[in-house]
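# Structural overview for review
Letter by letter, the chains look like this.
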Amino acid sequence: MEETNMGTLYLCATPIGNLEDMTYRVVRLLKEVDLIAAEDTRNSIKLLNHFEIKTPMTSYHEFNKIEKAHQLIQKLREGKDIALITDAGMPGISDPGEDLVRLCHEAGIDVSIAPGACACVSALALSGMPSRRFCFEAFLPKDKQLKKDIYEQLKTESRTIILYEAPHHLKKTLQELYDQLGNRKITLVKEITKRYENVFVTTFAEALDFYNRQEPRGEYVILIEGKSFAEQRDEERKNWEMMSLEEHMAHYENQGIARKDAMKLVAKDRGVSKRDVYNELVRRES
């Protein structure tokens, strides 16, 4: 049986605000492909009209992502090229496009990318916060238990944390984060690339005071400083010091660790020398 050439799925970034951020390559691809799969066709038609793109369009969103993905894959198998776009930014990032990409890989269909604007990376660059390592959480889940579990993880997160939030939920989310993480340094970035783009370097407490006096407007990216390694070590040391020395030794010896090696680990945990641990144990045992 003769094999047919399959099409390619192109992930095409669209502007997150300013239409001038549309790349020449994305415009060309959107004109050349056989079909555009868009998160919201009503929103995307405005973009396509602006750039005089006449390519047929179909919807691909959270509520049809699996059923529609199989339909799109069939078209790709038939040799059709398809461009995937989201309402704003990079498809596949906090977006149902990730499912389509995964299914394409499983089906052996080529996936290519035409990169461009991405809100989380743009906000990180604007924030002035450490950017070598970061943790992207997008929108927090609505499920209370799942959100609680995420907060527990974020309490000890050492990387810069990035969240998305809508204006009508901002104050509630800031208050929850303050209650869970303490009064950390944060940067609030809103309306990226738009007329009222704003970068607000502040703390949770200051931000809550500000937004209790002024109603939030625009779409926000919240960037939160991670817990420093020094803070983590101090907290861990306090936890160890709440144990008796004997309990601390037993913690390691019960794992089959030799007494001599257990002393080294206890000394490291408590920030003291091995000799101090040894002498104290001898004193208590005599």
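You'll find the structure just up there.
The structure contained in this document is the topic of the report that follows. Just so it is clear, the structure is predicted and the values come from calculations on it, not from any experiment.

Quick look at the side chain of serine 127 now. In this structure, serine 127 sits in helix H5 (residues 119–127). The class of serine 127 is buried, set by a relative accessible area of 7%. Apart from the residues lying within four places of it in its own chain, the contact partners of serine 127 are Thr187, Val201 and Leu223.

With that settled, consider the sheet that holds strand E3 (residues 57–59). Pairing is parallel across the open sheet formed by 5 strands, whose spatial order is E3-E2-E4-E1-E5. A strand with exactly one partner marks an edge of an open sheet, and here the two such strands are E3 and strand E5 (110–114). Between one strand axis and the next, the sheet turns by 25 degrees as a mean value, whatever way the strands run. Examined bridge by bridge, strand E2 (residues 35–38) and strand E4 (residues 82–85) share 4 bridges and lie parallel to one another. In the strand pairing of E4, isoleucine 36 is matched with alanine 83. Across the sheet, helix H2 (residues 41–50) touches E2, E3 and E4, and the angle it forms with E3 is around 155 degrees.

So, about the nonpolar core. In terms of nonpolar packing, the biggest core is built from 34 residues, with Leu9, Leu100 and Leu223 touching the most fellow members. Where this core is concerned, the elements lending two or more residues are strand E1 (8–12), E2, helix H3 (65–77), E4, helix H4 (97–107), H5, strand E7 (160–165) and strand E10 (220–224). Of all the elements, H4 adds the most residues to this core, at 5 residues. Once residues lying within four places of it in the same chain are set aside, the contact partners of leucine 9 are Leu76, Ile82, Leu84, Leu100, Val101, Cys104, Asp110, Val111 and Ser112. If you look at the next biggest cluster of nonpolar residues, it comprises 21 residues, including Ile150, Tyr151, Leu174 and Tyr211.

Mapped onto the elements, aspartate 81 comes out in the loop between H3 and E4. On the basis of relative accessibility, which here comes to 25%, the residue aspartate 81 falls in the partly exposed class. Look past the residues within four positions of aspartate 81 in its chain and what remains in contact with it is Gly7, Thr8, Tyr10, Val33, Asp34 and Leu35. In this structure the side chain of aspartate 81 is engaged in a polar contact, spanning 2.8 Å, whose partner is the backbone nitrogen of threonine 8.

Parameters and conventions
Residues numbered from 1 in each chain as written. Predicted model: local features only at pLDDT ≥ 70, side-chain atom pairs only at ≥ 80, totals over all residues. Heavy atoms only, no water. Helix = DSSP H or I, 4+ residues; strand = E, 2+ residues; numbered from the N terminus. Buried < 20%, exposed > 50% of the residue type's maximum accessible area, 1.4 Å probe, protein only. Contact = heavy atoms within 4.5 Å. Pairing = 2+ DSSP bridges. Axes fitted to C-alpha atoms, helices over the stretch in contact; angles between N-to-C directions. Core = buried A, V, L, I, M, F, W, Y, C linked by side-chain atoms within 4.5 Å. Polar contact = N/O pair within 3.5 Å; in protein donor to acceptor, adjacent residues only side chain to side chain.

In short, geometric facts, not functional conclusions.
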